[in-house]
Amino acid sequence: MRYDITNIPVAEMFEQRDGCPICRIRNMLEERAVEYITGAAMMEPDIRMETNKQGFCLDHYQQMIKKRNRLSVALMLESHLDEIAANRLSGRPAPAKRSRKAAGQSEGERSHCYICTQLEDGMQKMLATVCRTWEAQRDFQRLFEEQPCLCLPHFTALAQAADIHISKKERSYFVKAASNLAKGYLENVRADVHHFCEMYDYRNAGENADWGNSKDAIERAVWYLTGRSLE
Ligand SMILES: [Zn+2]
Ligand SMILES: [Zn+2]
């Protein structure tokens, strides 16, 4: 049977209380996808056909190269380059009208990375599971509220998923609980960014300057806004 990267126990992921729980789930999915694609999936002809067509984005090439032997990345590159030579560089370009239409529609927005595509599909499933578990289990509601924060993209993603997967009656309670987590972090990081800016005032110069928690305020604000840590 094909390996399922979304086989993740959601409640267990919420038992840890460290940063955004949805980032934790995303990171786990991403790690599994990278591991799988450079491991067992190398032998799956239908997956190789897809990776030959789509290739990967820069982030995921980097993660694959870091993770595994360079040979499996090279083998995928070899057949991906062959696919490009055979299909994208041969013949005449599509007529202007058609390519404009394609660019305006799905083509421009379509993910050109096999792992990103897997991740997007996997995240939709996981967000649905979070919503359904929240609605069905009181214990999980408590775990949810006890999270230290939600990053902004995952707050948005959860609110959108709630529209589909949580009953009308309960939805506003869920969105309220989620927005409390996102808002709490925003207020803290906003204060730290302000403190950071103040430290550039000449009155705060000198050895005894009190930076408080503001030294990594930029990094934390960027993480909050993007759900990704700066390298
Ligand atoms: Zn997040
Ligand atoms: Zn990608």
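Residues numbered from 1 in each chain as written. Chains lettered and ligands numbered in written order. Predicted model: local features only at pLDDT ≥ 70, side-chain atom pairs only at ≥ 80, totals over all residues. Heavy atoms only, no water.

1. Notes on the coordination of the zinc ion (ligand 2)
Protein ligation of the zinc ion (ligand 2) involves C57 (SG), H60 (ND1), C113 (SG) and C116 (SG), the donor distances falling in the range 2.0 to 2.3 Å. Coordination at the zinc ion (ligand 2) is tetrahedral: its 4 donor atoms span angles of 100 to 115 degrees at the metal. In terms of primary sequence, the donors binding the zinc ion (ligand 2) are separated according to C-x2-H-x52-C-x2-C. With C57 in the loop between helix 3 (45–54) and helix 4 (58–67) and C116 in helix 7 (residues 114–136), this residue pair connects regions lying 59 residues apart in the sequence. For C57, a relative accessible area of 23% gives the class partly exposed. (Donors = N, O, S within 2.8 Å, 3.2 Å for Na, K, Ca; no water. Tetrahedral: all angles 85-135°; square planar, octahedral: opposite > 155°, others 65-115°. Helix = DSSP H or I, 4+ residues; strand = E, 2+ residues; numbered from the N terminus. Buried < 20%, exposed > 50% of the residue type's maximum accessible area, 1.4 Å probe, protein only.)

2. Focus on the coordination of the zinc ion (ligand 1)
At 2.0 to 2.4 Å from the zinc ion (ligand 1) lie its protein donor atoms, namely C20 (SG), C23 (SG), C151 (SG) and H154 (ND1). Seen from the zinc ion (ligand 1), its 4 donor atoms lie at angles of 96 to 117 degrees, and the figure they make is tetrahedral. We note that the donor set of the zinc ion (ligand 1) lies within a single chain, spaced as C-x2-C-x127-C-x2-H. A residue pair is termed long-range when its members are at least 10 positions apart, and C20 in the loop between helix 1 (10–15) and helix 2 (21–38) and H154 in helix 9 (residues 152–165) qualify at 134 residues. C20 gets classed as buried once you look at its relative accessible area, which sits at 3%. Assessed through its relative accessible area of 8%, H154 is described here as buried.

3. Digging into the pattern of salt bridges
On inspection of all chains with the given rule, the structure shows 10 salt bridges. The salt bridge involving E31 is made with K67; its shortest N-O contact spans 4.0 Å. One end of the pair, E31, is in helix 2; the other, K67, is in helix 4, and 36 residues separate them in sequence. We classify E31 as partly exposed; its relative accessible area is 49%. We note a salt bridge from R142 to E146, for which the minimum N-O separation is 3.4 Å. The partly exposed category is assigned to R142, whose relative accessible area is 42%. Within this structure, R17, R142 and E146 form a network of salt bridges that share partners. (Salt bridge = Lys/Arg side-chain N within 4 Å of Asp/Glu carboxyl O.)

4. A word on the nonpolar core
The biggest cluster of nonpolar side chains holds 54 residues, and the ones touching the most others in it are I22, F144 and L150. Counting residues per element, this core draws most heavily on helix 7, which supplies 9 residues. Other than its neighbours up to four places away in sequence, L150 contacts C20, P21, I22, F144, F155, L158, A178, L181, A182 and Y224. (Core = buried A, V, L, I, M, F, W, Y, C linked by side-chain atoms within 4.5 Å. Contact = heavy atoms within 4.5 Å.)

5. Looking at the packing of aromatic side chains
For the structure shown, the criterion picks out 10 aromatic pairs. Taking 5.5 Å as the distance between ring centres and 15 degrees as the angle between the ring planes, the aromatic pair formed by Y185 and Y224 counts as stacked. With a gap of 39 residues between them, Y185 in helix 10 (residues 168–198) and Y224 in helix 11 (residues 217–226) connect regions that are remote in the sequence. Each member of the pair, Y185 as well as Y224, is classed as buried. (Phe/Tyr/Trp six-rings, centres within 6.5 Å; stacked < 30°, edge-to-face > 60°.)

Functional significance is not addressed by these values, which are geometric in nature.
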